[in-house]
Amino acid sequence: MTTRSGSAVRWRRWAGLAVAAIALEVLIVGIAAWAVPLPSRLLTPPSMVIEYADESVAHVFLAPDDRYRMAADLDRVDPAYVQALLRFEDKRFRHHAGVDPIAVARASVLNLRQGRVVSGASTLTMQLVRLLEPRPRTLGSKAVEALRAVQLELRLSKDEILAAYLTFTPYGGNLEGIEAASWAYFGHGPSELSADEIAVLLAVPQNPARRAPTAATRGELRRARDRIARQLANRSVEPFTDPGLDEILAAVRVPGEVRTMPREAAHASTWLRSWVPGSTRVAKTLDRGLQRMAEYRKSEEHREARVVGVNYGSGVILD
């Protein structure tokens with residue numbers, strides 16, 4: 001009886017020590033998460049976007065670091081793209097704390113079986129850390145990324161992490177973020193995206209150097225787009241469940257060049273930028289249709305006016 005009682009006391013003591021150790025580790029991690037500054041690039045200003053009265057994009061300026069990076073707003077991103085991104089990159093994003101232990105275990109078993117690294121276990125949060133703080137691809141870097149990911153999860157909400165990822169994702173050249181990429185690749189914002197467009201936007205960040213739209217990369221981009229689209233179809237992700245998906249992919253070409261970003265209403269946009277420096281989006285009262293009509297009429301008048309030596313003009317719309 002005494003032996004059993006002594007064993008019970010020892011087990012309780014070890015259990016208490018284990019709980020205390022875990023609590024201490026959690027406390028240390030929590031303190032470090034708030035004491036250590038977040039990655040500085042997270043605070044890098046985005047491009048200033050000037051909008052028409054209907055909230056359509058009129059003009060996009062370069063960010064201070066000479067990149068087109070429009071701050072992502074989840075309300076302006078097609079929910080189908082967000083669903084496809086999470087299913088493709090990190091299906092337990094909403095439930096883990098920056099590191100996915102299930103993905104780590106699965107990748108470890110698979111890599112051991114193959115004798116080489118064939119699968120990673122990076123969560124979307126860890127990928128964001130890598131975008132903000134590039135490091136050599138080593139085990140030490142992976143450990144730092146995991147700690148930073150936990151820090152981000154403690155300091156930011158899931159939607160804030162997702163918005164940051166959608167803002168800093170690389171799309172080749174000086175393009176960053178889904179909104180800039182959508183305008184540069186397709187000529188419209190990301191609020192409504194087709195299945196082939198979603199697959200393109202998922203494919204390029206995996207290897208921007210080989211897949212960003214150019215005439216030379218079109219073949220590689222098409223193959224990557226089609227492969228990702230079929231993977232998502234096999235996982236029953238909308239809108240890739242369309243029975244005619246193969247026909248759609250065969251009929252729709254991938255972009256072969258990068259379009260010019262919206263640069264309309266240049267004088268008004270430049271004036272507004274000087275009046276509200278540091279703003280992310282500036283909505284103005286300009287009517288998109290009237291603005292384009294006025295610019296068209298001015299250009300038509302200019303052709304005739306140049307004959308008599310008039311090189312500059314302006315217009316006023318009166319009601």
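Please read all numbers here as calculations on a predicted model, not as lab measurements.

## Some words on the pairing of strand β2 (residues 57-60)
In summary, the side chains of a regular strand alternate between the two faces of the sheet.
Step number 1: One ladder, built from three bridges, connects strand β1 (residues 49-51) with β2; its direction is antiparallel. Across the sheet, the residue bridging to V49 is V60, located in β2.
Step number 2: Adjacent in sequence and paired antiparallel, β1 and β2 are bridged by five residues, among which E55 carries a positive phi angle near 75°.

## Let's talk about the sheet that holds β2
Step number 1: An order of β2-β1-β5 is seen for the three strands of this open sheet, with the pairing classed as mixed. Since the sheet does not close on itself, it has two edges, and those belong to β2 and β5 (281-283), each with one partner. For this sheet the average axis-to-axis angle between neighbouring strands, irrespective of direction, equals 20°.

## Details of the nonpolar core
Step number 1: Counting residues in each nonpolar core, the largest one holds 61 residues, and the members touching the most others are Y81, L166, Y185, L201, L202, F240 and M261.
Step number 2: Excluding anything up to four places from it in sequence, L201 contacts Y81, Y171, I178, A181, S182, Y185, F186 and L193.
Step number 3: Membership of the second largest hydrophobic core comes to five residues, among which are M48, I50, L272 and V282.

## Focus: unusual backbone geometry
Step number 1: The omega torsion across E238 and P239 is 0°, close enough to zero to call that bond cis.
Step number 2: One non-glycine residue, E55, adopts positive backbone phi at about 75°.
Step number 3: Phi at D66 is positive, roughly 65°, even though this residue is not glycine.
Step number 4: In this structure, D66 sits in the loop between β2 and β3 (68-69).
Step number 5: Given the relative accessible area of 52%, D66 is considered exposed.

Rules behind the numbers
Residues numbered from 1 in each chain as written. Predicted model: local features only at pLDDT ≥ 70, side-chain atom pairs only at ≥ 80, totals over all residues. Heavy atoms only, no water. Pairing = 2+ DSSP bridges. Helix = DSSP H or I, 4+ residues; strand = E, 2+ residues; numbered from the N terminus. Axes fitted to C-alpha atoms, helices over the stretch in contact; angles between N-to-C directions. Core = buried A, V, L, I, M, F, W, Y, C linked by side-chain atoms within 4.5 Å. Buried < 20%, exposed > 50% of the residue type's maximum accessible area, 1.4 Å probe, protein only. Contact = heavy atoms within 4.5 Å.

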